[in-house]
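A closer look at the structure
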Amino acid sequence: MNLLEMKNVKKSFGDLDVIKDISLSVGEGEIVSVIGPSGSGKSTLLRCATMLETMDSGELIYLGQKAGWTGADGKVVYAPTKELRKIQENYGLVFQNFNLFPHFSVLKNVMDAPISVQKRDKEEARKTAMELLKKMGLADKADAYPCQLSGGQCQRVAIARALALNPKILFFDEPTSALDPELTGEVLKVIKSLADLHIAMVIVTHEMAFARDISDRVIFMAGGVIVEEGKPEQVFASDNERTRSFLGRYGEMLK
Amino acid sequence: MQWNTMFSQLAGGMLVSTQIFVVTLVFSLPLGLLISFGRMSKNRVIQGIVKAYISVMRGTPLMLQLMVVYFGPYYLFKIKIGNGYRLWAAFIGFIINYAAYFAEIYRSGIQSMPAGQYEAAKILGYSKPQTFFKIILPQVMKRILPSITNEVITLVKDTSLAFSISVLEMFAIAKALASSQTSLMPFVAAGVFYYVFNLIVAVAMEYIEKRLSYYQ
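The written sequence of each chain sets the order in which its residues are numbered from 1. Just so you know, chain letters begin at A and ligand numbers begin at 1, following the order they were written in. The model is predicted, so local features are restricted to residues of pLDDT at least 70 and side-chain atom pairs to those at 80 or more, both for listing and for counting; the totals for chains, interfaces and linings are taken over all residues. Excluded from the side-chain calculation are hydrogens and water; included are all heavy atoms of the structure.

What follows covers the confidence of the model for chain B. Residue and element names in this part refer to chain B. Across chain B, the average pLDDT comes to 92, with 100% of residues at 70 or higher. As a per-residue measure, pLDDT tells how confident the predictor is, with possible values from 0 to 100. Counting from the N terminus, the helices are the DSSP runs of H or I reaching at least four residues and the strands are the DSSP runs of E reaching at least two. Across chain B, element-level confidence peaks in helix H2 (residues 44-59) with a mean pLDDT of 96 and bottoms out in helix H7 (residues 170-181) with 88. Prediction confidence for the complex, expressed as pTM and ipTM, is 0.88 and 0.91 respectively.

This paragraph deals with the packing of aromatic side chains. Working definition: rings of Phe, Tyr and Trp (its six-membered ring) pair if their centres are within 6.5 Å, and the pair is stacked with planes under 30 degrees apart, edge-to-face with planes over 60 apart, and tilted otherwise. For the structure on display, the rule yields 20 aromatic pairs over all chains. Plain terms: the ring middles of Tyr74(B) and Tyr75(B) are 5.3 Å apart, the flat faces sit at 75 degrees to each other, and that makes the pair edge-to-face. Judged by relative accessible area, Tyr74(B) falls into the partly exposed class, the value being 36%. Per-residue accessibility, obtained with a 1.4 Å probe over protein chains only, is compared with the maximum for each type, and a residue is labelled buried under 20%, exposed over 50%, and partly exposed between these values. On the basis of relative accessibility, which here comes to 58%, the residue Tyr75(B) falls in the exposed class. Judged by centre distance (6.4 Å) and plane angle (45 degrees), the ring pair of Tyr98(B) and Tyr101(B) falls under tilted. Placement of the pair is Tyr98(B) and Tyr101(B) together in helix H4 (residues 85-111), with a separation of three residues, close to one helical turn. Among the residues examined, Tyr98(B) registers a relative accessible area of 2% and is labelled buried. Judged by its relative accessible area of 27%, Tyr101(B) is partly exposed. Among the aromatic side chains, those forming a connected cluster through ring pairs are Tyr70(B), Phe71(B), Tyr74(B), Tyr75(B) and Tyr85(B). Stacked on the ring of Phe104(A), the Lys or Arg Lys108(A) has its end atom at 4.4 Å from the ring centre. For a lysine, the NZ atom is tested; for an arginine, the CZ atom; a charge sits over a ring if that atom is within 6 Å of the ring centre and within 35 degrees of the ring normal. Looking at Lys78(B), its charged tip hangs above the ring of Tyr74(B), at a distance of 5.4 Å from the centre.

Residues and elements named next belong to chain A. If DSSP finds at least two bridges between two strands, the strands pair. Here six strands make up an open sheet; going across it, the order is E7-E8-E9-E3-E10-E11 and the pairing mixed. Here the strands that pair on one side only, and so sit at the sheet edges, are strand E7 (91-94) and strand E11 (225-230). Neighbour-to-neighbour, the strand axes of this sheet turn through a mean angle of 15 degrees, independent of strand direction. Relative to strand E9 (residues 200-204), strand E3 (residues 31-35) runs parallel, the two sharing four bridges. Note on E9: the bridge partner recorded for Val-32 is Val-202. A contact between two residues is defined here by any heavy atoms of the two lying within 4.5 Å. Interaxial angle, 0 to 180 degrees, is taken between N-to-C directions of lines fitted to C-alpha atoms, where a helix line uses only the stretch in contact. Strands in contact with helix H5 (residues 151-163) are E7 and strand E8 (169-173); relative to E7, the strand with the most contacts, it is inclined by about 170 degrees.

Let us look at helix H8 (residues 185-211) of chain B. All names here are of chain B. With 27 residues, H8 should reach 39 Å at 1.5 Å per residue; the first-to-last C-alpha distance of 39 Å fits that figure. Taken together, the buried positions of H8 are Pro-186, Ala-189, Ala-190, Tyr-194, Phe-197, Asn-198, Val-201 and Met-205. The elements touched by buried residues of H8 are helix H1 (3-39), helix H6 (128-158) and H7. Helix span, expected: 1.5 Å multiplied by one less than the number of residues in the helix.

Now the structure itself:
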């Protein structure tokens, strides 16, 4: 069974059709990169998948359970709040600008949701959080506050925070776009290290080499549609004119 | 008249002033938060009513509002008002006036919060009340503290307006002493009292601000 299924999703802001009929599915443990020019609808697609944005039409299904669908009157209906909260537990999201809680310490950022949302035991949650921070190389920053960390460290805390809830699928919305090349490197390294956790990942990114190396599948989006989709070596060596022009020099280098 | 009689009388008035100050804060701070919800409500009727209320509270003198609260029950509903109602009228007048100001301060703070904080909380599964009380409100309090301090300091001085409905707070007593003794001293002493009161308020608020400065 697919973890995530999106069928014929459409979304527009006013007159602007940002997503024009996109369908995609993500299997268990699969790592999918979404690449494409700015404004191609990549982030909006993630925001629809994570229900931060409502679809205009289409279907959104997690583990066979319908979260949203187009009703008989053509309007999108979402499942009742209680069911949505259950469905929501399947996924996490890492934001471009981290969105850590500035008034919580690093440790509390990671362990608070498991305690107050999932009602897990406090000590157990603390232990899990510390293990995750260790994995992120941030064990010594547990008592620091986000404002005392570098961007790369913040993003690693955000990843630990998302992992603490044990998601089956983790979305990344341009996780390194707010970081300089050095910090980008450390965050990408951490994301790569998650591959052995067998969590499915959907990564919107502008880091081509990273997308090529880590992904089971690459999706190239432009103008609100999926132009091409396939194994990284296929997409990066594509003859498709639009793909070629986007990858530009990069495509040549990676060929 | 001796200095210590004057001081002890003023100190008695100070007690009433402090009472108005404390009661006003204790009730108008939470009430203001509630009103700010109404002000931001998607329901246009609620929003309209709250908007009008805030507009009147901010657009008319507090002294006039105190008069209306005090004399209103008699003139509007022919309810006989006793002497004991004076202080209550002052409490009510101050609370509804300050709640309106606090509501606008809360609103400015809440609306200045970046959407990302709500989005992160939603993704992590926090319920709406949890999001507000755990994530949003603590950050809002830090943001609005300087504006709150301003209002609190104004409130200390505004308590003197209660004299307009003959509440025997410090200013009313100073005025009575000044005219009976044909001396400016009671006013000067009252001024010192208000000043010291505000000094304490300022120090206390600064302490709270410092306590909250562990993050930026």
